[in-house]
Amino acid sequence: MAFVKKKTSEAVNEDERKRGRDCESLLAELESPRAIERRWAARDLTDFPQATAALVARLRREDDASVREIIFSTLTVLGDDIAVAGLVDCLKSEDASLRNEAIEAMKQLPDEVAPIMHGLLADTNPDVRIFAVNILESLRHPHVEAWLLEVIEHDTHVNVCATAVDLLVEVGSGAAQQPLLELKQRFPAEPYIQFAVDLALKRIAAG
Amino acid sequence: MPDMPSLIGEEEFEKFREFFYRKTGIQFETTKRYFVDKRLIERIEATGSDNFRNYFTMLRFQASGEELQQLTNIMTVNETYFFREEYQFQCLVDSILPEIVARKKDDKPIRIWIIPSSSGEEPYSIAIYLLEFWAGINEWDVEIISSDIDTHILAQARRGMYSDRSVQHLPARLLQKYFTATHQGYQVCEELRDAVEFTRVNLSERADTRAYRNFDVIFCRNLLIYFDDVSRKTAAETFYDALKPGGFICLGHSESMSRFSSLYKVRKFPQAIVYQKPLEVL
Amino acid sequence: MTKIVKRILIVDDAATVRMYHRNILEAAGYAVEEAINGVEALEKCLQTPFDLYVVDINMPKMDGYGFLRELRGQDIAQAPAIMVSTEAESGDRQRAFFAGANAYLVKPVKPDQLLTHVRVLLGELLP
């Protein structure tokens, strides 16, 4: 017994998947009872933009975390309107991990998420508004601060505002000073808001 | 006189520290302030930013995320040498392999994948460790595959020629046993060079990685931390598919799976924390 | 008699929230560590278990429920956990207790409210 080396070609090039890799077979495989087959199908569907709707539909039924993770990655790569709408839909789910994965995926799609951000921040459900702010956390988009200011100026829900202030601690500029001071006055009895606003103001003044 | 870029205020340092921690998992103690400031100022100057504020905005919002990679590079010391982070190799022979062998139902080889291969110190260290410190090597076949994106570095790894510096942490006995001193440096013996299969792989290319399956252990140390969020996620998914159920993955000392994926189980062994693909997956 | 300082892990993805909780708990004499999500929290408590956990629900990678379920399944010294959530998430309270939480607080948390729960759960104050 010792170290063994197969011929390079055998060792690493044996592709065990048997079925076809065209869109139709992949969509069929996406419904396979075996998670590993669904994973591979979801991954290979990256090459087929027409598969977005099927992936979105599968996502809501999929209970294997490893398959879900791949579907989210594929939707991030495809990134069209249907994909984004499917991700938005996940924000409204009762399932915390589904929501959080959707948030993570949307952070990677600044150009696609930007046009709908205003609507998300105006959603009647405060949870959705909080998740929209969570998306801004890592969104590489020049409007991030403006969106956050919109929130702290108008949103009546303390936790939506609190989440926005958390981010302003990192990205706030001089433009945020006045709105932050006003927010403090809107929630005088909330120690957390007072703390977070003071921290944001301190960071802005220092920069 | 323009603002001196060479001053970073306490609040700026805090802001940077939180951001960097969120992105990389690396948490600088306040005692590291001088180290961090020095490197930040270096990057502020190199990128032609006027001050910390402008630099930070670029770092946070840059679409390519390149600057964050640059900065991570200089904030971490990424040197490769024989027996670097040896506690993980101890973990391999004392904890991981015994567990794998105990539940193994066939007599196929145990497969280990090392990526990035870099110039070969790590795969050869593992081969030496198995020969020296794992009795199981007398009973089991082991396949070691070591991959890198860079074909030049792979050629160097195959040749197996190393400087004094590379081998300085090797016990003299092992240096003598497995290396030949030449006028160009220390060359790894033929037995070890034959033991490792070197292959070229781009971890972000599905076509490159899909044939990599059925590994028992993957070493991916000090690589993912330099990737952007999407590439890290892809890599973590690739490793998941490359591992057998119950297979293990070892990351670098400053890396945590908490920034890459939630699919793996966190396993604590006496020597190290490693990550495991769940056993019960289909 | 030497007093043993109790160790508390704060698990929250928002740096400002972590700092807020840290300030409150440190001022009350506890030793505090932080984790940014459930996976990191798990790594930290596998290294050394804590005396108490303050855990947010919505976090990337591994959320608060996932963390508590994993924590409760680990073969390590167990400790009480306070789940912290935003008000609007109805149904979360029950899910939190099912996942292994010992108390449930709604954000934004008031300092005395947090401290009271911490002290009760650590057995330093009778409920």
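Residues numbered from 1 in each chain as written. Chains lettered and ligands numbered in written order. Predicted model: local features only at pLDDT ≥ 70, side-chain atom pairs only at ≥ 80, totals over all residues.

Before going further, it helps to spend a moment on the overall build of chain C. Across its full length, chain C holds five helices and five strands. When the helices and strands of chain C are read in sequence order from the N terminus, they spell out β-α-β-α-β-α-β-α-β-α. Since a compact globule built from 127 residues should have a radius of gyration of about 14 Å, the 13 Å found for chain C is in line with a globular shape. Once the C-alpha set of chain C is aligned to its principal axes, its extents read approximately 45 × 30 × 30 Å. At a minimum sequence separation of 6, the contacts of chain C that also span at least 24 residues come to 62%. (Helix = DSSP H or I, 4+ residues; strand = E, 2+ residues; numbered from the N terminus. Rg over C-alpha atoms; globule rule 2.2 N^0.38 Å. Contact = placed C-beta atoms within 7 Å.)

Attention shifts here to the confidence of the model for chain C. All names here are of chain C. On average, chain C scores 92 in pLDDT, and the residues at 70 or more come to 94%. Within chain C, the lowest mean pLDDT, 89, falls on helix α4 (residues 92-99), and the highest, 98, falls on strand β1 (residues 7-11). Complex prediction metrics read pTM 0.90 and ipTM 0.92. (pLDDT = per-residue confidence, 0-100.)

Residues and elements named next belong to chain B. Counting buried positions along strand β2 (residues 142-148) yields seven of seven residues, so the element is predominantly enclosed. Residues V142, I144, S146 and D148 point to one face of β2 and E143, I145 and S147 to the other, with burial holding for every one of them. This β-α-β element, strand β1 (residues 110-114) to helix α6 (residues 121-133) to β2, shows right-handed connectivity. Summarising the sheet, β2 and strand β6 (residues 196-200) pair through five bridges and their orientation is parallel. When the sheet's bridge partners are listed, I144 is paired in β6 with V196. (Buried ≥ 20, exposed ≤ 12 C-beta atoms within 10 Å, placed from the backbone. Right-handed = clockwise from strand over helix to strand, strands pointing away. Pairing = 2+ DSSP bridges.)

Cis geometry is found at the peptide bond from B:I115 to B:P116, where omega equals 5°. Along the polypeptide, B:P116 turns up in the loop between β1 and α6. With omega at -5°, the peptide bond leading from C:K107 into C:P108 counts as cis. When you line up the elements, C:P108 lands in the loop between β5 (103-107) and α5 (111-121). With a phi close to 65°, B:F83 is a non-glycine residue in the positive phi region. For B:F83, a count of 17 C-beta atoms within 10 Å corresponds to the partly exposed category. Phi at B:E85 is positive, roughly 50°, even though this residue is not glycine. Locating B:E85 in the fold gives a position in the loop between α4 (66-75) and α5 (86-103). Judged by C-beta crowding, with 17 C-beta atoms within 10 Å, B:E85 ranks as partly exposed.

On to the sheet that holds β2(B), then. Paired through backbone hydrogen bonds, the strands of a sheet run either parallel or antiparallel to each other. Read across the open sheet, the seven strands follow the order β6-β2-β1-β7-β8-β10-β9 (chain B); overall the sheet is mixed. Bordering the open sheet on either side are β6 and β9 (265-268) of chain B, each of which pairs with just one other strand. Ignoring which end each strand starts from, the neighbouring axes of this sheet average 25° apart. Contacting β9 and β10 (273-276) of chain B, helix α2 (residues 38-47) of chain C runs over the sheet at an angle of about 15° to β9(B). (Axes fitted to C-alpha atoms, helices over the stretch in contact; angles between N-to-C directions.)

Another point: the sheet that holds strand β5 (residues 185-188) of chain B. All names here are of chain B. Here we have three strands laid out as an open sheet, ordered β3-β5-β4, and antiparallel in their pairing. Of all the strands in the sheet, the pair left with one neighbour each is β3 (161-162) and β4 (179-182). As paired elements, β3 and β5 share two bridges and run antiparallel to each other. Directly across from M161, in β5, lies its bridge partner Q187.

Turning to the environment of B:F82, a few remarks are in order. Residue and element names in this part refer to chain B. Along the chain, F82 turns up in the loop between α4 and α5. Expressed as a C-alpha distance, the spacing of F82 and V36, which sit 46 residues apart in the sequence, is 28 Å. When sequence neighbours within four positions are dropped, the list of residues in contact with F82 reads E121, S125, S166, V167, H169 and L170.

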